[in-house]
Amino acid sequence: MEVDDGSEARVEMKGKQSVVMLVGAPGSGKSTFCDAVIGASRRTWVRICQDTIGNGKAGTKAQCIKSALSALNEGKSVFIDRCNLDREQRAEFLKLGSAQIDVHAVVLDLPTQLCISRSVKRTGHEGNLQGGKAAAVVNRMLQKKESPKLIEGFSRITFCHNDAEVQAAMGTYSGLGPSDSLLPGCFGQKSQDAKVQVGIMKFLKKAEGPSPVVSKVNSDQSVASIGSSEKKGASLEREEMPVLPNAPQKEESKGKDNAVQAIDKDVPTLAFPSISTADFQFNLEKASDIIVETVEEFLPKLGNARLVLVDLTYESKILSLVRAKAAKKSIDSSKFFTFVGNIIELSTKRALHCNVIANAANWRLRPGGGGVNAAIFKAAGADLEMATNDRAKSLVPGSAVVVPLPSTCPLYNREGITHVIHVLGPNMNPQRPNCLNNDYNKGCMVLRQAYTSLFEGFLSILKIQETSVTKRHEELLHHSGRGPDKSVGNGDLKNKRDDVDASDSSKKSRGSGNEVEIDSTRPRTGNSDSGIQTTDRGMTKAWGSWAQAFYHIAMHPERQKDDVLEILEDVVVLNDLYPKAQKHILILARARGLDCLADVHEVHLELLRRMHDIGLKWVEKFLHEDSQLVFRLGYHSAPSMRQLHLHVVSQDFNSVHLKNKKHWNSFNTAFFRDSVDVIEEVNKNGKAMMKDDKSLLSMELRCHRCRSAHPNIPRLKSHIRNCQVPFPAFLLQSGRLVRALDSN
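Throughout this document, residue positions are counted from 1 along each chain, in the order its sequence is written. Restriction of local features to residues with pLDDT of at least 70 applies here, the model being predicted, together with a cutoff of 80 or more for giving and counting side-chain atom pairs; totals for whole chains, interfaces and linings are based on all residues. Just so you know, side-chain values use all the structure's heavy atoms and leave hydrogens and water out.

Asker: What is the right way to look at the nonpolar core in this model?
Answerer: Among soluble globular proteins, nonpolar side chains are generally buried collectively. The set of buried Ala, Val, Leu, Ile, Met, Phe, Trp, Tyr and Cys residues whose side-chain atoms join them within 4.5 Å is what this entry labels a nonpolar core. Whether a residue is buried, partly exposed or exposed follows from its accessible area with a 1.4 Å probe, protein chains only, as a fraction of its type maximum: under 20%, in between, or over 50%, in that order. With 40 residues, the main nonpolar core has Phe272, Leu307 and Phe336 as its most contacted residues. Of all the secondary-structure elements, those providing two or more residues to this core are strand S11 (269-273), helix H9 (284-298), strand S12 (306-311), helix H10 (317-328), strand S13 (336-340), strand S14 (356-360), strand S16 (419-423) and helix H15 (440-480). Contacts are assigned to residue pairs with any non-hydrogen atoms lying within 4.5 Å of each other. Contacts of Phe336, omitting those with residues within four sequence positions, involve Phe272, Ile291, Val295, Leu299, Leu307, Leu309, Val322, Ala326 and Ile331. Only DSSP runs of H or I covering at least 4 residues are called helices, and only runs of E covering at least 2 are called strands; the numbering of each starts at the N terminus.

Right, here's the structure in full:
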């Protein structure tokens, strides 16, 4: 098998026309692919779309073939914009090929969930395939999917599985001139017998819970939320954005028949704009040379990290130049690629997850002006300006400054960006200060210094993160008494948590569960995915691998479908694996950077309210099943598991998993913060009050109704089974307890 990212694929020969069949489900981005290539290519293309072939209305396959023949007779190349998912649907179009006409397939092999999300959310679709009905259609079509093969009659097949490959394929076809042809073969297929994606309905098996699985709170989002494996702000996008939430795939050594291995989407990534080529008017040819040369120099130093050059449009000249020159140097396209999108919305709008972005700054390091600098400062708010001012007051051309973003910053919370690197390049614009007056000897030197400073800044972040993670991990192992950490699967998680449940002691080094708190004087360098959290107190928490299970469920809920009850755009609902009562569920926030209550601020107020409302909806269901139950909704001040989660727990506390003092006191002392109180405090003060005094967990055991003391858990359980004393007055106020309307 060959792996192709479009690099070095064009060859000069007598020009052939092309018929390119797009193969993909509704919502995979076929129309966008066609439009992007047609808008950027020097070759004349015609898009044949069955949804509009009949004078703007849906037509027939025969009409598509007739229009394609007409365009080919006029010397044009053709895109067949249909789903083309099975061999029978492709057969008639393959007959368009001849000695002078190549027939290609471009397979947009996107995840089922993403295609459904896009199809459901889009409006004004040419074929009117949108809204709730789209889910069933996409599912049905994908169940019959047959991947195209060369034996059908294609001269070339390109499989795209991720954002980099989609972009590369666009670049390949956009770059075709009238006399260019592409090498034949099959490129990018994961394996010889690649499995067809299963339909979304496979993921609908669920544990006991409301029916249907998907909430009816918002009918427009209901189907889109099923089984989504990514942050929803990233995956719920219109078809016009042909990007996948998966990270680029790694190219294996050429000539070997190896499958392409996916890189995790959380790989450290620096997204950067072209420096000095906009307002400072640096020559694009020279700038592209410097970008590619500097990238080539630094890539070997970056480990698994990647660099992404970003611009706003597909027509970007600098992207085209850099892409072509990088291909000529055979630079690994999984570690460096170009990307079209807004640098402040890459995660939420284009599903490209970057933890560091570069800013083409001014020398004063101030907001203002236009372009990237103005956009980044505006998106980051006052937090970035203050953080920048703490680091530097100004920049000289050719230098850069690394600025960690506080967790309160909108870019941190919305996009997962942990650092901004300000960089200043040379000015060749006589209308701007410090112009070099066309001195490109000095200009090239300064621009090279600027990119070197930028990449060195990114490298310093990686090194500090690596050191920090390693140190925290070692200290965690030391304090917990474990040997080298091993990956913890869902089955292992049960054993790990049982180990913690069995212990009645709460060691200071472990905090509330398996957390380690370490004083840290260095700036925060960990991102929201690293398992390291810096609190407002200047302390750093390192979460053990098992303690990150909730985080992984929130990010990838479909992988734990046996435990997940409901998947929504912003939350996941699941049964607690170790319920402390008859009914005990968790409402997990899906936002990155929200590890616990300490990370909550005023911007999260609506999320807190939504989590509370969803909890009440489930309480209503449970009360319908058993009207004698009483519920309390709240958060642990210092949870043992990473990722903000709301407990919805019945007050019977009848569970074999309630084993020790720590378990009881975590729900029946001030350590447990009622959801209504947290919402009120955040609304009033911008943050929640923390009751994380570890001594609360070691307090004597007292009944949560009559407050009588008991020597051990068995005696306490025996008592509460029979205690009929009314709940304390404070719990009966402000909706802290929820019960059936006719309950006493």
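Asker: Please clarify how the sheet that holds S16 should be interpreted in this entry.
Answerer: The criterion for strand pairing is that DSSP finds at least two bridges linking the strands in question. Reading across the sheet, the six strands line up as S13-S12-S11-S14-S16-S15 and stay open at both edges, with mixed pairing between neighbours. The sheet terminates laterally at S13 and strand S15 (400-404), the two strands that pair on one side only. Adjacent strand axes in the sheet meet at a mean angle of 25°, parallel and antiparallel pairs treated alike. As paired strands, S15 and S16 are joined by five bridges and run antiparallel to one another. What sits directly across from Val403, in S16, is Val420. Orientation is described by axes fitted as lines to C-alpha atoms, over the contacting stretch for helices, and by angles from 0 to 180 degrees between their N-to-C directions. The sheet contacts of helix H12 (residues 371-380) involve S11, S14 and S16, and relative to S14 the element is tilted by about 130°.

Asker: What is the right way to read the environment of Phe622 from this model?
Answerer: Inspection of the secondary structure puts Phe622 in helix H18 (residues 605-625). Phe622 sits in the buried class, given a relative accessible area of 4%. Counting along the chain gives 118 residues from Phe622 to Ala740, while the straight-line C-alpha distance between them is 9.8 Å. The contact partners of Phe622, leaving out residues within four places of it in the chain, are Lys583, Ile585, Leu629 and Phe631.

Asker: Just to check I follow, could you spell out the packing of aromatic side chains for this structure?
Answerer: For this analysis, a ring pair means two rings from Phe, Tyr or Trp (six-membered ring only for Trp) whose centres lie within 6.5 Å, classed as stacked if their planes differ by under 30 degrees, edge-to-face if by over 60, and tilted for the remaining angles. Evaluated as defined, the whole model comprises 14 aromatic pairs. Seen from their ring centres, Phe33 and Tyr173 are 6.4 Å apart, and the 65° between their planes marks the pair as edge-to-face. In this pair, Phe33 is assigned in helix H1 (residues 30-40) and Tyr173 in helix H6 (residues 163-174), connecting sequence segments 140 residues apart. Each member of the pair Phe33 and Tyr173 is classed as buried. With a centroid separation of 5.6 Å and 40° between ring planes, the pair formed by Phe667 and Phe672 is classed as tilted. Using a relative accessible area of 3% as the deciding quantity, one classes Phe672 as buried. Each residue in the set Phe33, Trp45, Phe79 and Tyr173 is aromatic and connected to the rest through ring pairs, giving one cluster. Two limits define a charge over a ring: the Lys NZ or Arg CZ must be within 6 Å of the ring centre, and within 35 degrees of the ring normal. Here Arg642 stacks its cationic end above the ring of Tyr551, 4.0 Å away from the centre of that ring.

Asker: Explain the pairing of strand S20 (residues 564-567) to me, please; I cannot follow it from the model alone.
Answerer: Successive residues of a regular strand alternate their side chains across the two faces of the sheet. Inspection of the sheet shows S20 paired to strand S21 (residues 571-575) by three bridges, in the antiparallel sense. Opposite Val564, over in S21, you have Leu574 as the bridge partner. Joining the antiparallel neighbours S20 and S21 is a turn of three residues.

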